[in-house]
Amino acid sequence: MRIKRAVATVLAVTTTVLTASTNPAAAQSTGTVQVHPTKALARIEPGAVGADVPFWNPHLKDARTTQLIRGAGIGTLDFDAGAPLDLYDWRHNQLRPDPDAARDAPLFLATGPACAPTFTFDEFEATARRAGVRTTVHVNYGTGTAAEAAAWVNYANNVRHDRVQNWMIGAEVWLDQIFEPNNRVSTTSPEPPELDGTRYAKDVIAFAAAMKAVDPTIRIGVELATVVAGQENADDQAKYFTAWNRAVVATPGLTSAIDYVDIHGLPRHPDEDPTITGALAAVRTVPATLAAMRADLDHHQGHQVTITVGEVNSFPAGNEYTTTTGNAAYLADAQATLLEHGVTSAHWFALYSGLNQPAPGADLGLISSGSCLPANSGQVCESAAGTPFATYYAEKLFGSVAVPTGTWIATATATAGVSTHAVRLPNATVKVLLINTSGATTQPETISVDGACPTTEVRVSQTSASGITTWSQAGNTSIVLPPYSVTVATYRSAGAL
């Protein structure tokens, strides 16, 4: 669990529209992307594109936040504050004392003023309502009770009529033995993961029963850890997480209690390159990892239990890469890969975050918080509050592709360093997403869509570090992909679908 702080105001984002004569793609094509509209992979669910909104961020209420949420195509806001969530008293909008403070203090101060709630649950829901998006809420498992969670559901859905459908029990509870503040875990001697996971699952059953008694239409989620397929025994942490997951999903009675599982981040190999290059390479482990989790869930819980990725980012804390075009490429490729392979929604952490270390780009958010941190030479500050990062523009283009009612379809390219995805819409429009995962190579690509006329006009949008450029061109003209760029090519009425 990460402790992040954000201070931000927001500005509107503009998109530059260029004519074909100003198209930056001038080089000869060296690669071809094949798009197969009739080969469906997965349906895009409502609210599939999400963003986490930690309650210690004071600028959710900014007047222009709603505009930026809509502009990015975000469909779900996640009330997820990390570790402090398991100390959160929703009635009084404050944090309770950490029962494991002595153990947790060396890692972070979950009860410090930096983590205190800066907006209420009602204000969170009001912002979501203005933006026209869904919400997910994590209830306090660490210091809360089933009755308290049920009272929250009743207040939200029966009193306030917020229609919150997805409710998650706790936040990254699988970290209990590492650094999660949770009064259900022994602070004197670590417990076996089998015991801890089973206890959590039994508690989830009790929480779910109480919460669904006041609103039977809600969906209950359970937390699972992410373990790379084939790396279950790579190190002690992987072994622990694997045993913990298995204990949770195998608990009798859980099937009738839960509707989905929530995992965070993407799988990473223990010895992986710790740079953005390593993060981009880790996306390739997603299909096998999700397939293994899906098989385990089907065996124990049934196929009706879906998978959500409640936090996505390349690193657990901001660093020199997290606001760059490299992380923007990661955002688009990671989220598209997750949704293509059966995840119902993927939530970027976070809408706002703030500097995690004294480096100008060390921010996990989509939008700058304008924060500063002390450094040897005085202080280091990021860009002005409200400035969209490169990751925001990538989210904006990704949100224009991952449209509810759309279907992910098969694509292929032989070009190393280029990742491709595509969506077919009911009106026969095909949107092709191209990501150059190389930070050094400019790559020209030609797109071939089955059934589409080669000379049909194509609308192309492409990210840079500071915006999005849009132009029109013939469908058989190559598109140049700059390093770490995200590009969307839209084919309207693409033919035989």
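Look up a bit, the structure's there.
So, here's what we can say about the structure. Quick caveat: nothing in here was measured; it's all calculated off a predicted structure. The residue count restarts for each chain, going from 1 along the sequence in the order it is written. Only residues with pLDDT of at least 70 get local features here, since the model is predicted, and only at 80 or more are side-chain atom pairs given and counted; chain-wide, interface and lining totals rely on the full set of residues. Derived side-chain values reflect all non-hydrogen atoms in the structure, with water molecules and hydrogen atoms excluded from consideration.

1. Notes on the packing of aromatic side chains
- Geometry of aromatic contacts follows a simple scheme: Phe, Tyr and Trp rings, the Trp one being its six-membered ring, pair when their centres are within 6.5 Å, and the pair is stacked under 30 degrees between planes, edge-to-face over 60, tilted otherwise. On inspection of all chains with the given rule, the structure shows 22 aromatic pairs.
- Between tyrosine 141 and tyrosine 200, the aromatic rings sit 5.1 Å apart at their centres with planes inclined by 80°, giving edge-to-face as the arrangement. On the criterion of sequence distance, the pair formed by tyrosine 141 in the loop between β7 (134-139) and α4 (146-159) and tyrosine 200 in helix α5 (residues 193-214) is long-range, its members being 59 residues apart. Just as tyrosine 141 is buried, tyrosine 200 falls in that class too.
- Arranged with centres 5.8 Å apart and planes meeting at 20°, the rings of phenylalanine 315 and tyrosine 321 form a pair that is stacked.
- Feature note: the residues Phe55, Phe79, Tyr88, Trp90, Phe119, Phe121, Phe124, Trp152, Tyr155 and Trp167 constitute an aromatic cluster, connected by ring pairs. For helices the rule is a DSSP run of H or I covering at least 4 residues; for strands it is a run of E covering at least 2, with both sets numbered from the N terminus onward. Note on classification: 1.4 Å probe, protein chains only; a residue is buried when its accessible area is under 20% of the maximum for its type, exposed when over 50%, partly exposed between these limits.

2. Structural notes on the sheet that holds strand β4 (residues 76-79)
- Read once around its circumference, the closed barrel built from eight strands follows the order β3-β4-β7-β8-β9-β10-β11-β12, with strand pairing classed as parallel. Sheet twist, expressed as the average angle between the axes of neighbouring strands with direction ignored, equals 25°.
- When DSSP locates at least two bridges between a pair of strands, those strands are taken to pair. Looking at chain direction, strand β8 (residues 166-169) and strand β9 (residues 219-223) are connected through three bridges and run parallel. Residue pairing for β9: tryptophan 167 is matched across the bridge by isoleucine 220.
- Residue contacts are defined here by distance: any two heavy atoms, one from each residue, within 4.5 Å place the two residues in contact. Fitted lines through C-alpha atoms give the axes, limited to the stretch in contact for helices. The angle between two N-to-C directions lies from 0 to 180 degrees. Packing of helix α9 (residues 325-340) onto the sheet brings it into contact with β11 (306-312) and β12 (343-348), and relative to β12 it is tilted by some 160°.

3. Focus: the pairing of strand β17 (residues 430-436)
- Among the seven residues in β17, seven count as buried, and that is most of the element.
- The side-chain alternation of β17 yields two buried faces, one formed by Val430, Val432, Leu434 and Asn436 and the other by Lys431, Leu433 and Ile435.
- By the bridge criterion, six bridges tie β17 to strand β22 (residues 486-491) in an arrangement that is antiparallel. Looking at β22, one finds that leucine 434 is bridged to threonine 487.

4. As for the nonpolar core
- Definition of nonpolar core: a set of buried residues of the types Ala, Val, Leu, Ile, Met, Phe, Trp, Tyr and Cys, connected through side-chain atoms within 4.5 Å. Counting residues in hydrophobic clusters, the biggest one holds 116 residues, and the most contacted among them are Trp167, Met211, Tyr330 and Trp408.
- Looking at which element gives the most residues to this core, the answer is α9, with nine residues.
- In this structure, Val33, Leu434, Ala452 and Leu481 belong to the second largest nonpolar core, which totals 18 residues.

5. Remarks on the state of the cysteines
- A pair of cysteine sulfur atoms is labelled a disulfide when the two atoms are within 2.5 Å. Overall, the coordinates contain one disulfide when judged by the stated rule.
- Each sulfur in the disulfide pair cysteine 372 and cysteine 381 lies 1.9 Å from the other. The sign of the 110° torsion about the S-S bond sets the cysteine 372-cysteine 381 disulfide as right-handed.

6. Structural notes on unusual backbone geometry
- In this chain, phenylalanine 349 is followed by alanine 350 through a cis amide linkage whose omega measures 10°.
- With respect to the element layout, alanine 350 can be found in the loop between β12 and β13 (372-375).
- Even without being glycine, asparagine 93 reaches a positive phi, approximately 50°.
- Within the secondary structure, asparagine 93 is located in the loop between β5 (88-89) and β6 (94-95).

7. Details of the pattern of salt bridges
- Think of a salt bridge as a Lys or Arg side-chain nitrogen and an Asp or Glu carboxyl oxygen that are within 4 Å of each other. Within the structure shown, the criterion is met by eight salt bridges.
- For the salt bridge of lysine 61 with glutamate 123, the shortest nitrogen-to-oxygen distance reads 3.7 Å. With a gap of 62 residues between them, lysine 61 in the loop between β3 (49-52) and α1 (65-71) and glutamate 123 in helix α3 (residues 121-131) connect regions that are remote in the sequence.
- Given a relative accessible area of 29%, glutamate 123 falls into the partly exposed group.
- Aspartate 162 is paired through a salt bridge with arginine 129; the nearest N and O atoms lie 3.1 Å apart. Highlighted residues: aspartate 162 in the loop between α4 and β8 and arginine 129 in helix α3, separated in sequence by 33 residues.
- Using a relative accessible area of 11% as the deciding quantity, one classes aspartate 162 as buried.
- Judged by relative accessible area, arginine 129 falls into the partly exposed class, the value being 48%.
- Overlapping salt bridges bring together Asp89, Arg96 and Glu148 as one network.

8. Digging into the pairing of β9
- Counting buried positions along β9 gives four out of five residues, so the element sits mostly inside the fold.
- Pairing geometry for β9 and strand β10 (residues 260-264), over three bridges, is parallel. Following the sheet pairing, valine 222 is matched in β10 by valine 261.
- Here, the term right-handed applies to a crossover whose path from the first strand over the helix to the second runs clockwise when the strands point away from the viewer. Between the parallel pair β9 and β10, the chain is carried across by helix α6 (residues 236-249), and the sense of this crossover is right-handed.

9. Quick word on α3
- By the burial criterion, the buried members of α3 are Phe121, Phe124, Glu125, Ala126, Thr127, Ala128 and Ala131.
- Those residues of α3 that are buried are in contact with α1, β4, β5, β7 and α4.
- Taken from the residues just after α3, glycine 132 is the one with a positive phi, measuring 75°.

10. Comments concerning the packing of α9 against helix α10 (residues 390-401)
- Taken N-terminus to C-terminus, the directions of α9 and α10 make an angle of 30°; their axes are 7 Å apart at the nearest point. Relative to α10, the element α9 lies roughly parallel. Considering the relative orientation of α9 and α10, their crossing is right-handed. Contact residues: α9 offers Thr325, Asn327, Ala328, Leu331, Ala332, Gln335, Ala336 and Leu339, while α10 offers Ala390, Thr391, Ala394, Glu395 and Phe398.
- The residue inventory of the contact of α9 with α10, partitioned by class, reads eight nonpolar, four polar and one charged. When an angle is under 35 degrees it counts as roughly parallel; over 145 it counts as roughly antiparallel; between 65 and 115 it counts as roughly perpendicular; any other value is oblique. A crossing counts as left-handed when the near helix is turned anticlockwise from the far one by less than a right angle, and as right-handed when that turn is clockwise. Under the grouping applied here, Gly and all other residues not named as nonpolar or charged are polar, the nonpolar ones being Ala, Val, Leu, Ile, Met, Phe, Trp, Tyr, Cys and Pro and the charged ones Asp, Glu, Lys and Arg.

Note that every value here comes from positions in space, so none of it alone points to a role or purpose.
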